[in-house]
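Topology and contacts: notes
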Amino acid sequence: MDSPFPSISLLFFFFFIALSILSLAQSSTIGVQYISHLLDIQELERAPPSVQVAAAYGVLQRLLPSHHSAFEFQIISKEQCGGESCFTIRNRPSLHTHGTSEILISGVTGVEVLAGLHWYLKYWCGSHISWEKTGGVQVSSVPKLGSLPHVQDAGILVQRPSPWNYYQNAVTSSYSFAWWDWRRWEKEIDWMALQGINLPLAFTGQEAIWHKVFQKFNISSSDLDDFFGGPAFLAWSRMANLHGWGGPLPQTWFDQQLILQKKILARMYELGMTPVLPAFSGNVPATLKNVYPLAKITRLGNWFSVKSDPRWCCTYLLDANDPLFIEIGRAFIEQQLREYGRTSHIYNCDTFDENTPPVDDPEYISWLGAAIYKGMQSGDKDAVWLMQGWLFSYDPFWRPPQMKALLHSVPLGRLVILDLFAEVKPIWSTSEQFYGVPYIWCMLHNFAGNIEMYGILDSVASGPVEARISKNSTMVGIGMSMEGIEQNPVIYDLMSEMAFRHNKVDVKAWIDRYPARRYGISVPLIQEAWNVLYHTVYNCTDGAYDKNRDVIVAFPDVDPSIISIAQGRYHNYDKPVLRSAVLKSNPSSYDQPHLWYSTSEVIRALELFIASGEQLSASNTYRYDLVDLTRQALAKYANELFLDIIEAYQLNDAHGIAQLSKRFLELVEDMDVLLACHDGFLLGPWLESAKKLAQDEEQQKQFEWNARTQITMWFDNTEEEASLLRDYGNKYWSGLLRDYYGPRAGIYFKYMIESVERGDGFPVKKWRREWIKLTNDWQSGRNLYPVESNGDALITSRWLYDKYLRSNGAYDH
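So, here is what we can say about the structure in this document. (Residues numbered from 1 in each chain as written. Predicted model: local features only at pLDDT ≥ 70, side-chain atom pairs only at ≥ 80, totals over all residues. Heavy atoms only, no water.)

This part is about helix H5 (residues 49-63). Over its 15 residues, H5 extends 21 Å from the first C-alpha to the last, a length consistent with the 21 Å expected when each residue adds 1.5 Å. Among the residues of H5, Gln 52, Val 53, Ala 55, Ala 56, Gly 58, Val 59, Leu 60 and Leu 63 are the ones counted as buried. Packing partners of the buried residues in H5 comprise strand E1 (71-75), helix H6 (110-123), strand E4 (128-129), strand E5 (137-138), helix H8 (182-194) and helix H11 (251-270). (Helix = DSSP H or I, 4+ residues; strand = E, 2+ residues; numbered from the N terminus. Expected span 1.5 Å × (residues − 1). Buried < 20%, exposed > 50% of the residue type's maximum accessible area, 1.4 Å probe, protein only. Contact = heavy atoms within 4.5 Å.)

Next comes the structure, spelled out in structure tokens:
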């Protein structure tokens, strides 16, 4: 079809001149100079240009097979880019020959080539690329062969302002990747390359490596059964937070994950990426203390288990100053080299992530840090330690002396810190740029893969630039360090661009063009809706962690009589005066839902979305956004409805509780129907992908239990005590609302009504016993859920808007 953006290169000619033809002046920070040795080594060891070009063509073939012949790819040197990594886009001479390429895209690596392809498709063809679950790709706007838009005659040059574009969090491997096969991984690596990501974590299969390493230290396979967690909990097993929970891992798991990792690494190297491998953090199996009785091994404290159950809490940490630490560290690096054949020389190790050192003496901490690094270096003389900086955000242990001691324990340039939560709580600006140590500015954004429309677009558009141009900056890259992916595609679309932006982005101008790219056509009403979303859900500036605690997905485990209701009202276009629920006592037992915007404004955006439906309903990206926005509005309405129920309880109004709770439960059922309208909001794929990796019936049961448990109770419980991490991994998924969240709320409301009718207190223990039994039964259940969507998103959204939101006046009180 003809492009709906026929004059885009003319309309935005001057815009792109300013945007893309960048100064060739050196943009390197002091931090980049510190890692220059590693960058030189990686450049020498990179795959041959022919291999990278072939890999890039493979991505193009999977993305846009109809236009495979329209583009020519080429690898060029940094010298041709003014000394930096870059991509260039140029017109090919028109030879009027069928099959002749029309656009030449060059880059320093295959990643830069594909980032250039994405840039061209986005800004010259009006296309959009997001995860399949969030609507996938929109390439219907790409003109037919022979009609691709030309760039300006001089071509386009876009340099990276910083060498690295990092991707993942240590726990993304469990919240999002736990059940992936090669088919899904290939799609993700394609997505990474198109976003310009060149520094991804590569954590798959490491348990197979550890299995082989520990055997060399006289630890048998059976000794490791309670060391590794189950497939959905490996991230926390790796970080020494827990052991055994959800396990043991079958041998087939070790074998298949190692094969998968080799495919992942091969593709990453083919594209010119720098995969980050794991390193030894000191986490050891309990048996090691028996095999080496003189080793300095400390048992760590309880990490969120209910009763400090030794079956899965209180792991063992080998002291970094013990000679055995370096031996194991070296053995692990060497075993990876044997298995994979090569390395990128950069290793992740998070020894202190939610594990506080036993002594706060700076000299001791410096000693620890040096020993940890020596374990890596003994296996790879060019090793660089990459560490998540989350510990500096949340743990008060890390005061300036302790922080400096750790950061300066490693030679300068051999330690790189991830400023993990920089879009909300940057550490670079309060620590004198990590006291001179190189760091990567990261956007954390998402916790546990929760589904919530949330973000801080202004911070994303300016934060990395402010950090890089600040005085004596040690920044060496930007990154996306979300705990879970496949949500809020607008945030990741902008954030990925920042890897190539030298200046702050005008978000208003950027968001004006976003919906036309995402949906393939320009619709004024939908553009207006996105401007509302930009100033509301995507403008969270209150500094609160956005851990989704909506009542539906994170039901309060408290006596309703102790919830104090503060009355307020919502203003139509002002910041809300929030009607909130607080506790009269024991405030830590109830996390309030997070609300930072006017709900009536967001409902106005939903009205505009619905009004645009006749023009956009054929778009999968539109349908995803429509379902998500409707879900968002209904979830906040449910929070208010819950407070109405609490109010009726405190007025001893059993009839009111019954009527309101019936409406609440009906809303949950209706939201389940809504979520069933798009593949991105289904429970079935999560469960079925877990079972698909199993080799027999018993493994199917184990893997499915892992998958169900992570998104509900998460960790251990007793008959009357819920997990301390309950609902941490909550999801707005069809099937989960109908069969778990709804029945759970129903139990609570039942006891509320009985309590009022009897005239006595709320039976907290009875409620917990029945809720926990429901949870345990559901986690062990085997009922099937759809893996494909069913229903019309537009019709369903319009119906629910009329039923709940229009009649409630934007739920003003």
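Next, the rest of the story.
Before going further, it helps to spend a moment on the side chain of Glu 704. Of note, Glu 704 is situated in helix H27 (residues 697-710). In this view, Glu 704 contacts Leu 687, Lys 691, Gly 781, Arg 782 and Asn 783; residues no more than four positions away in its chain are not counted.

This structure, assessed with the given rule, holds nine cavities of 30 Å³ or more. By volume, the largest cavity is sized at about 260 Å³. Gln 206, Arg 238, Met 239, Ala 279 and Ser 281 are, among the 21 residues lining the largest cavity, the residues nearest its centre. Going through the elements one at a time, helix H9 (206-216) and helix H10 (234-238) are the ones with two or more residues in the lining of the largest cavity. Here the element with the most residues in the lining of the largest cavity is H9; it accounts for four residues. In the lining of the largest cavity, the residues fall into 13 nonpolar, five polar and three charged. (1 Å grid on protein atoms, 1.4 Å probe; cavity = no way out; pocket = protein on both sides within 12 Å on 5 of 7 lines; lining within 4 Å. Points joined across faces, edges and corners; volume = space filled by probe spheres on them. Nonpolar A, V, L, I, M, F, W, Y, C, P; charged D, E, K, R; others polar.)

Quick look at the packing of helix H18 (residues 457-469) against helix H19 (residues 489-497) now. Remark: H18 packs on H19, axes separated minimally by 10 Å, with the N-to-C direction vectors making an angle of 15°. Judged by the inter-axis angle, H18 sits roughly parallel to H19. H18 and H19 meet at a crossing whose hand is right-handed. Contacts between H18 and H19 involve Leu 457, Val 460, Ala 461 and Pro 464 on the former and, on the latter, Val 490, Ile 491, Leu 494 and Met 495. (Axes fitted to C-alpha atoms, helices over the stretch in contact; angles between N-to-C directions. Parallel < 35°, antiparallel > 145°, perpendicular 65-115°, else oblique. Left-handed = near helix turned anticlockwise from the far one by under 90°.)

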